[in-house]
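The chain contents come next:
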Amino acid sequence: MFAKAASKGWLLFYIYNMKKIVLAVICLFFKVATASAQADSLVLDENNKYIYYQVVAQPASSADSLQARAIVFAKKAFTANKLKFKDSDKGTIRATGGVLVAKKSSVAMHEDARIDYTMTIEVKDNRYRYWFTDFVIVPYARDRYANFVPVSGKNVPLEKGLATLSKKDFDGYTAKLLANLKDIGNRLKTYMKTPVAPVKKEVKKTIIPATNW
Amino acid sequence: MVLSLKVYLNIKNNYLLKIKSINYHQTLIKLINMKKILLLSLIALGTLTVKAATIGTSSRLTMVADTGDTPLTISGSVDAYYKYDFAKSSQIGTSFASDHNSFSIGMVDIALKKTTGKTSFVGEVSFGPRGQQQSLLPGAAGDSYHIQNLYVNFAATDALTFTMGYMGTFIGYEVISPVGNFNYSTSYMFTNGPFQNAGLKATYAFSSKASLMVGVFNDGWNVYTSGGRIDNLGAQLFVSPVDGWNAYLNVITGNSAGTEFDLTTSYQITDAFKLGLNAADYTAPKYIGKGGFSGVALYPQLAVSSSVTLGLRGEYFKAKATDFGYSAIAAGTSVKALTATANIKSGNLTIIPEFRLDSGSANSWMNKSGMPTKKASQALLAVVYAF
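Residues numbered from 1 in each chain as written. Chains lettered and ligands numbered in written order. Predicted model: local features only at pLDDT ≥ 70, side-chain atom pairs only at ≥ 80, totals over all residues. Heavy atoms only, no water.

Caption draft 1: Structural view of the side chain of B:Asn183. Residues and elements named next belong to chain B. Its location among the elements puts Asn-183 in the loop between β5 (160-168) and α3 (188-192). Looking at Asn-183, its side chain comes within polar contact range of the side chain of Thr-341, at 2.8 Å. Look past the residues within four positions of Asn-183 in its chain and what remains in contact with it is Tyr-299, Arg-313, Thr-339, Thr-341 and Glu-354. (Helix = DSSP H or I, 4+ residues; strand = E, 2+ residues; numbered from the N terminus. Polar contact = N/O pair within 3.5 Å; in protein donor to acceptor, adjacent residues only side chain to side chain. Contact = heavy atoms within 4.5 Å.)

In structure tokens:
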């Protein structure tokens, strides 16, 4: 009778712990799934500006090493018109760039506009985050040499894009923009996992004269 | 993942050991169900972990920098028009929109472009009156090669670019492509200036706000081959003092084709209002006699909605008092031409209604009775589809 009661007590204790484990696993599952969904969106921030924002965990990486890698990325990963290093200070790296976009209705694919942006990367020990914002649509038009070139003085913030573009064209622009931002983000992840060779400090040799000292 | 499996195996072993001593059937079912939930959760977590590990392996990828290569792009346009000249025959010397009381075609224009690393090419062909006899001189055998632009670019550095081939001229405000113009009829300065120049040019960009182009070009304008000499020198200084304001100071000079100085500028003053200006002075080469012209044109444009823009072109054009005139404007006489144009856009289509009134200092045209007159006017409706 006593043994039976003891077994029952142990079982209840066991079920109680198991519930906790199941709950923790389910919570973890939903957290990962939710984070994954947020990362794919171009959203409006508190200032009603479009932003693409991601946080990336990278264990066993110091802030200094992440900063060095981010600077290499900003300087070398893309051509200057797509991403160009602007400046950096401790923990923060800034770059600017743009992506060429075309209207969905175009029979042939050529540049209809460029969407400029700023990119900011912030690093800390074992993690970094980055975001793109300040999106500006720069319309393109054909010039006399059959090139499509920026139209000066007609820039429109992305937030006001629907005032000058049809919904279809706006959706086409933002779809291309988002794909481009993801591409940059993926390449950033590659660069952030690749160690940067430390800068060799040149050691000045002191020559001790054999004579005339 | 390993940790998760350990937890699972530990739970599983404990479960197997203890289950023998439990006789509560209901509890057993609860435990089995819980095992299933735990297993499913672990599988789901495992899937995500594997996905994360796949991203993690990207560190083994080679870091290849973006080269800036672009796929082959195709662009172009198709245009057609109806024009009515109030003299009941074409009087005004516009390059295009020449046919009176006729539904007429402009051209089908197709441009190909590709960039590979530091090099790129443009090839633009055109078929139709606008793209053949109205803008291109025939080849030696009388054929039109249909080429509007055919050139290759080489970017030696980020700032210095070399271009060689047959190119749209760098002179003037208006262009041959209907996509590049606001007005459908053309100005006197455009009609009597160069359309294309074949040659080799170098462009150096001091910044995005200033650049200088210098080049050598064939002896004749608008020809695919030189007459045996390359004696035209050209230069263009570009400055952009403020955002939205572009200015080009141009010159082309040569013993065979004469000398033209040209200023082309436009300023997008507000989101809705743009003002353009073109001024030119041309002196013909000595071997064909004394000749030349000078002119100035203003191009105010007002966007009244996102799809409708209204614009004017007011031009003063004078043929120099020398041996011959230009576009029915006799030597020593002048013309004031006012053109009112609307651009109504619907997707890729632009509808262009236009009215033009030219007023000369002399009897430059005929009226509908066939008598000389100082005035000429026309109305047209054009459609331009750009792709």
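Caption draft 2: Spatial organisation of unusual backbone geometry. Residues and elements named next belong to chain A. Within the chain, Asp-134 stands out as a residue other than glycine whose phi angle is a positive 55 degrees. Residue placement: Asp-134 occurs in strand β6 (residues 127-142). Using a relative accessible area of 33% as the deciding quantity, one classes Asp-134 as partly exposed. The backbone of Ala-146 shows a phi angle near 65 degrees, a positive value even though the residue is not glycine. Tracing the backbone through its elements, the reader meets Ala-146 in the loop between β6 and β7 (148-150). (Buried < 20%, exposed > 50% of the residue type's maximum accessible area, 1.4 Å probe, protein only.)

Caption draft 3: Spotlight on the packing of aromatic side chains. One pass over the full model with this rule turns up 27 aromatic pairs over all chains. Judged by centre distance (5.7 Å) and plane angle (50 degrees), the rings of B:Tyr81 and B:Tyr184 are tilted. With B:Tyr81 in strand β1 (residues 73-85) and B:Tyr184 in the loop between β5 and α3, the pair connects residues that are 103 residues apart, well separated along the chain. The class of B:Tyr81 is buried, set by a relative accessible area of 4%. Residue B:Tyr184 is classed as buried on the basis of its relative accessible area of 2%. An aromatic cluster of three or more residues is present, and its members are B:Tyr188, B:Trp221, B:Tyr282, B:Phe293, B:Phe317, B:Phe324 and B:Tyr326. We note A:Lys75 situated over the ring of A:Phe85; from NZ or CZ to the ring centre the distance is 4.9 Å. Between B:Arg130 and the ring centre of B:Tyr184, over which it is positioned, the NZ or CZ distance is 5.2 Å. (Phe/Tyr/Trp six-rings, centres within 6.5 Å; stacked < 30°, edge-to-face > 60°. Lys NZ or Arg CZ within 6 Å of the ring centre and 35° of its normal.)

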